[in-house]
Amino acid sequence: MAIYRFRVSFEDYDDVVRDIDIKSTQTFEDLHLAIHKSTGYNPEQSSSFYVSNDQWIKGDEIAYLPNQRKIDRGVTLMMGTRLNRFIEDPHQKFYYTYNFERPFDFHIELIKILDEEANKEYPCLARSVGEAPKPAGAVAAPAVASTEDTEEYDFLNETEYGVGDEDTEDMETVASVDELDAPVDVEEEEEKEEFMDEFSDNDNFESDEYSNKDDY
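Residues numbered from 1 in each chain as written. Predicted model: local features only at pLDDT ≥ 70, side-chain atom pairs only at ≥ 80, totals over all residues. Heavy atoms only, no water.

Draft legend 1. The overall build of the protein chain, seen in detail. Helix and strand counts for the protein chain stand at six helices and eight strands. Taken from the N to the C terminus, the helices and strands of the protein chain come in the order β-β-α-β-β-α-β-β-β-β-α-α-α-α. Relative to its 216 residues, the protein chain shows a buried fraction of 30%. For the protein chain, restricting intrachain contacts to residue pairs at least 6 apart in sequence, the fraction spanning at least 24 positions comes to 60%. (Helix = DSSP H or I, 4+ residues; strand = E, 2+ residues; numbered from the N terminus. Buried < 20%, exposed > 50% of the residue type's maximum accessible area, 1.4 Å probe, protein only. Contact = heavy atoms within 4.5 Å.)

Right, here's the structure in full:
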């Protein structure tokens, strides 16, 4: 019996790839379940394969858990629909949308037709590259700031985006902002003024004394 090897890749994540081997007589539902066994997603979501050309233009739809409108229109169901019914090209392509409420889109291409291996269970994962992205709506745990890092961070020493070393020289003349706003001690200022007056008188005295010596 022929074995189809399909390459499954995310439309928006080229670095995530799955190669899945599956019997030609197995169904689109089997392929759907195999894809999400490899991605870790919940397969019980409304999804569809579309027969596509080389430009990934959507053609006939094969649906899983379709809405009533599609059912009324007579959409083909994945359940019971064999893969070989829609394989018309050795490189047949399918456009695949998983979970219409929060969709991921995939490109699926037939890349090889192999012979069935005895005692091997199909479908099976032949190759897996990259980690599947988290489904839309998954909330990551908020990052907790490290207290240690906060305490050790010194803004004034940060020169690349903060204050440069040359700018901190002028700051050294002021011990703190509180000193700028401290109230003036009136008595202390008066004592300083008296002291300066006395010192000024002494200077005058000394200068007079030396000037009188010239008279001798």
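Draft legend 2. Just the packing of aromatic side chains, in detail. Tallied over the full model, the rule gives 15 aromatic pairs. When the centroid spacing of 6.4 Å and the interplanar angle of 75° are considered together, the rings of Y13 and F104 count as edge-to-face. Residue Y13 is located in the loop between β1 (2-10) and β2 (17-23), and its partner F104 is located in strand β7 (residues 104-115); the two are separated by 91 residues in the primary sequence. A centroid spacing of 4.4 Å and a plane angle of 25° characterise the contact between F49 and Y96, whose relative ring orientation is stacked. Placement of the pair is F49 in strand β3 (residues 47-52) and Y96 in strand β6 (residues 93-98), with a sequence separation of 47 residues. Comparing F49 with Y96 shows no difference in burial state: the two are buried. Looking at K58, its charged tip hangs above the ring of Y50, at a distance of 4.6 Å from the centre. In this structure, K70 packs its charged tip against the face of F100, placed 4.1 Å from the ring centre. (Phe/Tyr/Trp six-rings, centres within 6.5 Å; stacked < 30°, edge-to-face > 60°. Lys NZ or Arg CZ within 6 Å of the ring centre and 35° of its normal.)

Draft legend 3. The arrangement of unusual backbone geometry in detail. A cis amide bond links Y122 to the next residue, P123, at an omega of 0°. The residue P123 is located in the loop between β7 and β8 (124-129) in this model. One non-glycine residue, W56, lies in the positive phi region at around 60°. Position of W56 relative to the elements: it lies in the loop between β3 and β4 (58-64). At L65, a residue that is not glycine, the phi angle is positive and equals roughly 50°.

Draft legend 4. Expanded view of the sheet that holds β6. Within the open sheet, the eight strands sit side by side as β5-β4-β3-β6-β7-β1-β2-β8. Their pairing is mixed. Bordering the open sheet on either side are β5 (76-77) and β8, each of which pairs with just one other strand. On the sheet, helix α1 (residues 28-39) packs against β1, β2, β3, β4, β6, β7 and β8 and is oriented at approximately 145° with respect to β2. (Pairing = 2+ DSSP bridges. Axes fitted to C-alpha atoms, helices over the stretch in contact; angles between N-to-C directions.)

Draft legend 5. Structural context of the environment of I111. Tracing the backbone shows I111 in strand β7. A C-alpha to C-alpha distance of 7.6 Å links I111 and P90, two positions 21 residues apart in sequence. Once residues within four sequence positions are removed from consideration, I111 is found in contact with R5, R7 and D19.

Draft legend 6. Quick peek at the pattern of salt bridges. Applying the stated criterion to the full structure yields nine salt bridges. Residue D19 is joined to R127 by a salt bridge in which the shortest nitrogen-to-oxygen separation is 3.7 Å. Residue D19 is found in strand β2, and its partner R127 is found in strand β8; the two are separated by 108 residues along the sequence. (Salt bridge = Lys/Arg side-chain N within 4 Å of Asp/Glu carboxyl O.)

Draft legend 7. Here's a closer look at the pairing of β6. Summarising burial for β6: six of the six residues are buried, a large majority. Alternating residues of β6 divide into K93, Y95 and T97 and F94, Y96 and Y98, and every residue in both groups is buried. Two elements, β3 and β6, share six bridges in a ladder whose sense is antiparallel. For V51, the partnering residue across the bridge sits in β6 and is F94. Sheet topology places β6 next to β7; six bridges connect them, and they run antiparallel. Within β7, the position partnered with Y98 by the bridge is F104. Counting the residues between successive antiparallel strands, the hairpin from β6 to β7 contains five residues, one of them, N99, with a positive phi of roughly 60°.

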